[in-house]
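# Survey of secondary and tertiary structure
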2 protein chains.
Amino acid sequence: MSSNGIHNGEDPESITAPLLSGRRFALNNHTSQVALVGANVSPIESLDYEILENEFFKQDWRSRETVHVFQYIFMKWFTCFLVGIIVGMIGFCNNLAVENIAGVKFVITSNMMLEQRFWMAFVVFFSYNLALTVFASTITSLVAPAAAGSGIPEVKAYLNGVDAPGIFSIRTLIVKIVGSITAVSSSLLIGKAGPMVHTGACVASLLGQGGSKKHGLTWKWLRYFKNDRDRRDLVTCGSAAGIAASFRSPVGGLLFALEEMASWWRGALLWRAFFTTAVIAIVLRAWIDFCLSGKCGLFGTGGLIMFDVYSSNMSYHLTDVPPVLLLAFVGGILGSFYNYLLTKVLRIYNLIHEKGIFYKVLLACSISIFTSCLLFGLPWLASCRPCPPDASEACPTIGRSGNYKKFQCPPGHYNDLASLIFNTNDDAIRNLFSKDTDTEFQYSSVLIFLISCFFLSIFSYGVVVPAGLFVPVIVTGASYGRFVGMLVGSYTDLNHGLYAVLGAASLLGGTMRMTVSLCVIILELTNNLLLLPLIMIVLLVSKTTADAFNGNIYNLIMKAKGLPYLKGHAEPYLRQLTVSDVVTGPLQLFNGIEKVGNIVHVLRTTGHNGFPVIDESPPPEPPVLFGLVLRAHLIELLKKKSFVSTPVRTTTDAFRQFSSEDFAKRGSGNGDKIEDIELTEEEMEMYIDLHPFTNASPYTVVETMSLAKALILFRQVGLRHLLVIPKMSCRSPIVGILTRHDFMPEHIFRLHPTLVSSRWKRLRLRLPVREKSFRLS
Amino acid sequence: MSSNGIHNGEDPESITAPLLSGRRFALNNHTSQVALVGANVSPIESLDYEILENEFFKQDWRSRETVHVFQYIFMKWFTCFLVGIIVGMIGFCNNLAVENIAGVKFVITSNMMLEQRFWMAFVVFFSYNLALTVFASTITSLVAPAAAGSGIPEVKAYLNGVDAPGIFSIRTLIVKIVGSITAVSSSLLIGKAGPMVHTGACVASLLGQGGSKKHGLTWKWLRYFKNDRDRRDLVTCGSAAGIAASFRSPVGGLLFALEEMASWWRGALLWRAFFTTAVIAIVLRAWIDFCLSGKCGLFGTGGLIMFDVYSSNMSYHLTDVPPVLLLAFVGGILGSFYNYLLTKVLRIYNLIHEKGIFYKVLLACSISIFTSCLLFGLPWLASCRPCPPDASEACPTIGRSGNYKKFQCPPGHYNDLASLIFNTNDDAIRNLFSKDTDTEFQYSSVLIFLISCFFLSIFSYGVVVPAGLFVPVIVTGASYGRFVGMLVGSYTDLNHGLYAVLGAASLLGGTMRMTVSLCVIILELTNNLLLLPLIMIVLLVSKTTADAFNGNIYNLIMKAKGLPYLKGHAEPYLRQLTVSDVVTGPLQLFNGIEKVGNIVHVLRTTGHNGFPVIDESPPPEPPVLFGLVLRAHLIELLKKKSFVSTPVRTTTDAFRQFSSEDFAKRGSGNGDKIEDIELTEEEMEMYIDLHPFTNASPYTVVETMSLAKALILFRQVGLRHLLVIPKMSCRSPIVGILTRHDFMPEHIFRLHPTLVSSRWKRLRLRLPVREKSFRLS
């Protein structure tokens, strides 16, 4: 599924090749550390959250002053503050740009419609949209393919420990922002929340690695975070910031990051994310105060969705519960059907995208043309309705937004379908959520809108532009809820706007399968806490219903992209396997003092990122496992040519050659390659003492441990390599290394095909297996 | 600190003995598994969240049918449903009882005041309160001392893996409910939220272990959860339910459990806790609907605190921020001062409580008498004020509650201090939060109320009754905020009710140091989302300020009680120590096939709960570590007398003797004792094959690992025992066992006194060290 991001897709084999080729075994346990889809184009690396304990780091640690610790704490908070400010600004500018770009379009076309120049209006509408779409899809496919789609699956995978290349580059960031603005303004039915999450994560990641080295944009004082743990925390705050900025929902954003995005979470992180989203709330508040004075063009008081559906006398009773339950149940089914269709459509789109950039843009254009025709054409189907005499706002509305769009209607009449469809998504949602408008819409209009939204949003998401899913799902769900409300009619007292909110909740629950975060986001959007119990019921019912059919949409997309996401819980079949059932050998080991030539050879011929280091003893004694050395550290040693001519252990002397900067983990994709290192014949015959640079206390498990138990350790502690030691102590001191890949269901089922037909698999493994066949077909 | 709960306190030595006596080392690494305060009275055990993998459990696992898995999933949800229903009911009844019991008191006294019979009113008020206090403190100290205090520290420690005895017994539950109702009704300045959290956790724990075996109240179909993991999840849901029921704040309750209570958290648990609190929201909603029809006596539409401070035209600007920041800053200082005073007072009270039950009740009585005098006496200091002509409600109020209490005033006048002080806490908060009442209160009245609340709440908490801290802190904070609002006066447009809300937030942030959960609880209490950015700022500032002085109040109390809480992050000094620096020997080992007499001897003479099992090999080969066997399992083996006469490995034969029920982990305090097992001389000479019952894949760490890294494993995976293996493979296969106790700062500093004076300690370890001196003094 190259279209959606992480690898360029220029290499067709990376997509069509079966997931688990024999390569892994042909190359001596080669690719454990490398994700398999697109492996030869751009390897997906794992992140490493383990505390590395080698002598060098220990020395470095001991030499730190108290002031460093304060500096470190300050930098963490300050970076979060910067993330908040920057993401808040981007979020606001995003909204401002969309409201103005899309607003101008609607104002121009509305004016032409007023003058009865319908064809001219259509041509303007059509070409305006097409131009924006072409621009968005061209920059996305040419400059930063990783910016396509919502980016939420990639960020989620990153926070799980999967470092897909290019997702956090400065190019991706810029394309994501510009592309999202133009694509959303072009009336495609896509959202801006997903791209904002990616933007937030991207900003946080760039700040965390001190800018972009590639483009010379670095700030030395910001290059403070040297390991994946600190960057993970920052990216988590960044993704919280994204949702907070797009929905003006600070608590909801925080909970979104906690519930959906983060794989690891700590109390301190909760507090820092809270700080980040609080900064955003204040930045947005200040900007809105600024805009209230009318300096923001067509932005006005709108934008930054906030649907005030408060009605102080709202109450509901037991009799209202059955229709709400039904709404939630059907919403859950609709949601899982939505997920199913979306993955199918993505698969078809992928075939088109493989053919090249031209086809990608062509696909985007056809979707844009189709959308424009639909948006402009459908309202003609609706009959004009006379304005209600007691309407709370101007009717018909001439300007950009409003509940009563004039469209083609004579004076004093309005077109209800146009009020929904010939509008920005935010305004459509506002119209659907509005209270005291129970008689405004006709059955047929809402139904037409519902159906067109449902399919348009599915067809629009896969296009190569930055595109989110939140807003389309909310629009579809709101029209669904409104329709149910109209059907239920006088049976309950709840007004139709309320049904629209509940409908949106049910479809969100059915596709995204979140609970608390969706609940809080909806509450913050609608500003009505009295709805709480109803929204909770709706989310619970729709999520439960949908979970019976398939998974969370982000997990489905993540699987389709081949990102090796590690789940937090162990599936039952993992308890039937021991670690030795999946670990494969023979291993590539190094001696404590190893020949340079050997190291270079091994690094060149394997793709491993970690190597056990063994200390040989005189014959009767067995060899001892000293620890694990990382590829990145070996390359650094080779680069600095810290060699000795005879195989003896060096003293502290070696430390002077290096600073802790040298061993700091670089940002993604910035590591040195073994191929770049040139060594003479003579140097190849020398030795390196690996002891000071070897992690001397890696986590280990015994080979008889069940895979389930090893997974818990691997996942909870956030490992990249897990060493497997033998049960009997006098054989080789190490059996093998477990990596993320060894826990993937696809890998395990290939090694143990009988499991696929066992009852355990049938019970709980519906999802991974289906995904597997999906990709192999 | 026996008064506050976990051990009976009959043994004075357990309190006065220094925390770390020499006992541990005298008894050969005796007490690693046993908490040290009151160790000889009732040992605090650790919980164990590891997956035990012995052959017996594997067999049992393989024999399970698909239907069992469904049954298990269903039972988990069903138990959560039951927790929601029951806690919701208890929460409602609690409120109903308090409103009626306290309401009757205020109605009677008000009527007497109307008739000018002031002395009579005082006597009634005084004796009513005293009787209720005596009742509450007597049942608490006689029946269930573990029910005293809020219970939040104990539940938090339980969720961290510390099983303090008696905290979840059925006695504690009943005393907690009844005691909380009577104590709160007796006008003591204590809250009901803390006790509700304990109640919720208690209900969940009792349901999770299928009732109380001791009292014959068991339901076989509920005895489904056999390990600590499942019970931990349930107790987490129960504590979320407690807050949800007391504040009618489902999302806030959930976040409270997540942020403050839980040490481990998973996505699935979030969902289940959400379900539990949703059930509560619905139960409460149904009861309130019922009460609206007037069938709940004095409950009326009140109770279940919900302060509706919504004002649709509320807005604030940049100029409002400085006073709010100041309010938050001072609130943070006040909060940390509150924590400091509270721990001091608890220490003094503890000296009194040690003297026996009579003194406990006596202390409670004196606090009650003091409170009654204050509440009745202080309003006389305030001058009567004429009723405002445009008051939104009746003035003066004659009935139970209302903003304008008549007290001693002539008709047409009201006493503003009485409106605050001569009232239930909920009504006082409602009065303080109310909007459009900026001129109602005088400076002096609010100041008197603030000071009396601040000190009364500190003096009331330590009394031996179930007592929470939430409501007292909210009352104090609200009066503080209102006072600041009056001082700031015309400088800002914010009304004083809003300042009261912010003041409550700042004091809560300063004492409890939560962020998201407090934010959501306050939002749900006040039903006003527009406040969000201000509340976020206030919480951030007050928490940061207070953190500079001391810790979270619950952590302080937990430390004072000696509960060995394991923090989630590793302090810097832990990186300077290796595992071998703290682990102590010699170890007590068992052979794979061990003599019964040996086992009985070791079990009788040590307090260990886990023993490494070693397989000896013929001389040249070193012995092999087979695994770890638990005391509880050994006792079960001895009880069933599954012995063999010769030392040979048994076959599957042994499995038939046992069912998985036999090895299921019992509820706390229900385990069998070694002393209860009688064996003949002949049996003592026989052997047991430990292999099938030994956990063959315990987690291990190498002795050179830093303590920080080992702590991460220990804490993240939730272990009880962590085996330490040697670096060189050919010595003894095991060096020692790490338990929770070995990570406690007190233990480490005793072993390595130099660390105390090192700079690292000074930097980050202010808190534990101060706590240590506190206890040792």
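Basis of the calculations
Residues numbered from 1 in each chain as written. Chains lettered and ligands numbered in written order. Predicted model: local features only at pLDDT ≥ 70, side-chain atom pairs only at ≥ 80, totals over all residues. Heavy atoms only, no water. Helix = DSSP H or I, 4+ residues; strand = E, 2+ residues; numbered from the N terminus. Buried < 20%, exposed > 50% of the residue type's maximum accessible area, 1.4 Å probe, protein only. Contact = heavy atoms within 4.5 Å. Areas by Shrake-Rupley, 256 points an atom, 1.4 Å probe, with all protein chains shown as cover. pLDDT = per-residue confidence, 0-100. Least-squares fit on C-alpha atoms with pLDDT ≥ 70 in both. Patch = residues over 30% accessible without salt bridge, like charges linked within 9 Å, V, L, I, M, F, W, Y side chains within 5 Å. Salt bridge = Lys/Arg side-chain N within 4 Å of Asp/Glu carboxyl O. Disulfide = S-S within 2.5 Å. Pairing = 2+ DSSP bridges. Axes fitted to C-alpha atoms, helices over the stretch in contact; angles between N-to-C directions. Core = buried A, V, L, I, M, F, W, Y, C linked by side-chain atoms within 4.5 Å. Buried area = accessible area lost by both parts, 1.4 Å probe. Polar contact = N/O pair within 3.5 Å; in protein donor to acceptor, adjacent residues only side chain to side chain. Nonpolar A, V, L, I, M, F, W, Y, C, P; charged D, E, K, R; others polar. Parallel < 35°, antiparallel > 145°, perpendicular 65-115°, else oblique. Left-handed = near helix turned anticlockwise from the far one by under 90°. Phe/Tyr/Trp six-rings, centres within 6.5 Å; stacked < 30°, edge-to-face > 60°. Lys NZ or Arg CZ within 6 Å of the ring centre and 35° of its normal.

## A look at the overall build of chain A
Along its length, chain A carries 30 helices and 14 strands. Buried positions account for 64% of the 777 residues belonging to chain A. Long-range contacts, defined here as pairs at least 24 residues apart, represent 79% of the contacts in chain A between residues at least 6 apart. Entry remark: accessible area of chain A is about 26,500 Å², with carbon and sulfur atoms responsible for 62%.

## Some remarks on the confidence of the model for chain A
Residues and elements named next belong to chain A. Across chain A, the average pLDDT comes to 81, with 84% of residues at or above 70. Per-residue pLDDT stays below 50 along residues 1-42; that stretch engages in 105 contacts with residues further than four places along the chain or on separate chains. Note on residues 759-777: pLDDT is under 50 here. Beyond four places in sequence and across chains, it has 54 contacts. With a pTM of 0.88, the predicted complex shows an ipTM of 0.86.

## Notes on the relation of the copies chain A and chain B
For the match of chain A to chain B, the screw axis carries a shift of 0.0 Å, the RMSD comes to 0.1 Å, and the turn is 180 degrees. Expressed as an axis order, the relation between the two copies is that of a two-fold axis. Here 100% of the contact residues of chain A are again contact residues in chain B; the copies associate through an equivalent surface.

## Description of a nonpolar patch on the surface
All names here are of chain A. Nonpolar side chains collect at one region of the surface, where Leu326, Phe329, Val330, Ile333 and Phe549 lie side by side and expose about 440 Å² of accessible area between them. Examined against the element boundaries, isoleucine 333 turns out to sit in helix α12 (residues 321-353). Looking at isoleucine 333, the relative accessible area reads 33%, which means it is partly exposed.

## Points about the state of the cysteines
Per the counting criterion, the structure on display carries two disulfides over all chains. Paired through a disulfide, cysteine 384 of chain A and cysteine 409 of chain A show a sulfur-sulfur distance of 2.0 Å. Taking the torsion about the S-S bond as the criterion, the cysteine 384 of chain A to cysteine 409 of chain A disulfide, at about -90 degrees, is left-handed. With a gap of 25 residues between them, cysteine 384 of chain A in the loop between α13 (357-377) and β5 (385-386) and cysteine 409 of chain A in the loop between β5 and β6 (413-414) connect regions that are remote in the sequence. Residue cysteine 384 of chain A is classed as partly exposed on the basis of its relative accessible area of 28%. Distance from the sulfur of cysteine 80 of chain B, which forms no disulfide, to the nearest cysteine sulfur (cysteine 237 of chain B) is 3.8 Å.

## Description of the sheet that holds strand β10 (residues 624-630) of chain A
Where strands meet in a sheet, backbone hydrogen bonds hold them as pairs that are either parallel or antiparallel. Residues and elements named next belong to chain A. In space, the three strands of this open sheet follow the order β7-β9-β10, with mixed pairing throughout. Where the open sheet ends on each side, the last strands, each with one partner, are β7 (590-591) and β10. Of the strands in this sheet, β7, β9 (610-615) and β10 touch helix α24 (residues 631-640), which is tilted by about 80 degrees from β10.

## Some points on helix α28 (residues 707-717) of chain B
Residues and elements named next belong to chain B. Burial runs high along α28: nine of the 11 residues are buried. The set of residues buried in α28 consists of Leu707, Ala708, Lys709, Ala710, Leu711, Leu713, Phe714, Arg715 and Val717. A positive phi of about 75 degrees marks glycine 718, the residue just after α28.

## A closer look at the sheet that holds strand β9 (residues 610-615) of chain B
Residue and element names in this part refer to chain B. The sheet built from three strands is open, its strands ordered β7-β9-β10 with mixed pairing. On the outer flanks of this sheet lie β7 (590-591) and β10 (624-630), each paired with one strand and no other. The sheet strands contacting helix α24 (residues 631-640) are β7, β9 and β10, and the helix crosses β10 at an angle near 80 degrees.

## Thoughts on the nonpolar core
In this structure, Phe470 and Ile535 of chain A together with Phe470 and Ile535 of chain B are the most contacted members of the largest nonpolar core, which totals 323 residues. The residues touching isoleucine 535 of chain A, leaving out its near neighbours within four places in the chain, are Val501, Leu502, Ala505, Cys519, Ile522 and Leu523 of chain A. Among the nonpolar cores identified, the runner-up in size contains 54 residues, and Tyr699, Leu713, Phe743 and Leu755 of chain B belong to it.

## Concerning unusual backbone geometry
Residue and element names in this part refer to chain B. Residues other than glycine seldom take positive phi values, yet glutamine 116 does so here, at roughly 65 degrees. Position of glutamine 116 among the secondary structure elements: in the loop between α4 (66-114) and α5 (118-143). The exposure class of glutamine 116 is exposed, given its relative accessible area of 52%.

## Quick look at the interface of chain A and chain B
Chain A puts 81 residues into the contact, and the matching count from chain B is 82 residues. Interface area lost by chain A to chain B is led by Trp61, Trp271 and Lys709 of chain A, which between them contribute 10%. Taking the shortest distance from any N to any O, the salt bridge between glutamate 50 of chain A and lysine 709 of chain B comes out at 2.8 Å. Put simply, chain A and chain B have 14 residue pairs in polar contact (both at pLDDT 80 or more) between them. At 10 residues, helix α11 (residues 267-292) of chain A tops the list of elements feeding residues into the side of chain A that touches chain B. Each residue belonging to the side of chain A that touches chain B can be placed in one class, and the counts come to 49 nonpolar, 16 polar and 16 charged.

## Focus: the packing of helix α7 (residues 170-185) of chain A against helix α8 (residues 193-208) of chain A
Between two packed helices, the angle of one axis relative to the other and the distance separating the axes together describe the packing. Residue and element names in this part refer to chain A. With their axes 10 Å apart at the nearest point, α7 and α8 run at an angle of 150 degrees to one another. Comparing their axes, α8 and α7 come out roughly antiparallel. Of the two possible hands of crossing, α7 and α8 adopt the one that is left-handed. Along the contact surface, α7 presents Ile170, Thr172, Leu173, Lys176, Ile177 and Ser180, while α8 presents Pro195, His198, Thr199, Cys202, Val203 and Leu206.

## Side note on the pairing of strand β13 (residues 722-725) of chain A
Residues in a regular strand project their side chains so that they alternate between the two faces of the sheet. Residues and elements named next belong to chain A. A two-sided burial pattern is seen for β13, the buried positions comprising Leu722 and Val724 on one face and Leu723 and Ile725 on the other. In this sheet, β13 lies alongside strand β12 (residues 700-702) in parallel orientation, the contact comprising three bridges. Residue pairing across strands places threonine 700 opposite leucine 723, the latter belonging to β13. Where β13 and strand β14 (residues 736-738) come together, three bridges link them in antiparallel fashion. The residue bridging valine 724 from the neighbouring strand is glycine 736, located in β14.

## Let's talk about the packing of aromatic side chains
The geometry of two aromatic rings is summed up by the distance between their centres and the angle between their planes. Using the criterion set out here, one finds 64 aromatic pairs over all chains in the structure. Consider the rings of phenylalanine 92 of chain A and tryptophan 287 of chain A, whose centres lie 4.7 Å apart with planes at 15 degrees: the pair is stacked. Of this pair, phenylalanine 92 of chain A sits in helix α4 (residues 66-114) while tryptophan 287 of chain A sits in helix α11, and the two are 195 residues apart along the sequence. With 5.2 Å between their ring centres and 70 degrees between their planes, tryptophan 77 of chain B and phenylalanine 275 of chain B make a pair best called edge-to-face. Here tryptophan 77 of chain B is found in helix α4, whereas its partner phenylalanine 275 of chain B is found in helix α11 (residues 267-292), with 198 residues between them in sequence. Given a relative accessible area of 18%, phenylalanine 275 of chain B falls into the buried group. Put simply, the rings of Phe106, Phe118, Trp119, Phe122, Phe125, Phe126, Phe376, Trp380, Phe407 and Phe422 of chain A pair up and form one aromatic cluster. Positioned above the aromatic ring of tyrosine 359 of chain A, the side-chain terminus of lysine 355 of chain A is 5.9 Å from the ring centre. One cation-aromatic arrangement involves arginine 272 of chain B over tryptophan 77 of chain B; the distance from NZ or CZ to the ring centre is 5.8 Å.

## Let's talk about the pattern of salt bridges
Summed over all chains, the structure comprises 30 salt bridges over all chains. Two residues, lysine 76 of chain A and aspartate 230 of chain A, come together in a salt bridge whose shortest N-O distance is 3.5 Å. Taken together, the residues span a long stretch of sequence, with lysine 76 of chain A in helix α4 and aspartate 230 of chain A in helix α9 (residues 228-247) at a distance of 154 residues. Using a relative accessible area of 14% as the deciding quantity, one classes lysine 76 of chain A as buried. One salt bridge in this structure joins lysine 156 of chain B and glutamate 260 of chain B, with 2.9 Å as the shortest N-O distance. Note that lysine 156 of chain B is positioned in helix α6 (residues 152-160) and glutamate 260 of chain B in helix α10 (residues 250-261), a separation of 104 residues in sequence. Glutamate 260 of chain B carries the same exposure label as lysine 156 of chain B, and that label is buried. One connected set of salt bridges, linked through shared partners, spans Arg513, Lys543 and Asp547 of chain A.

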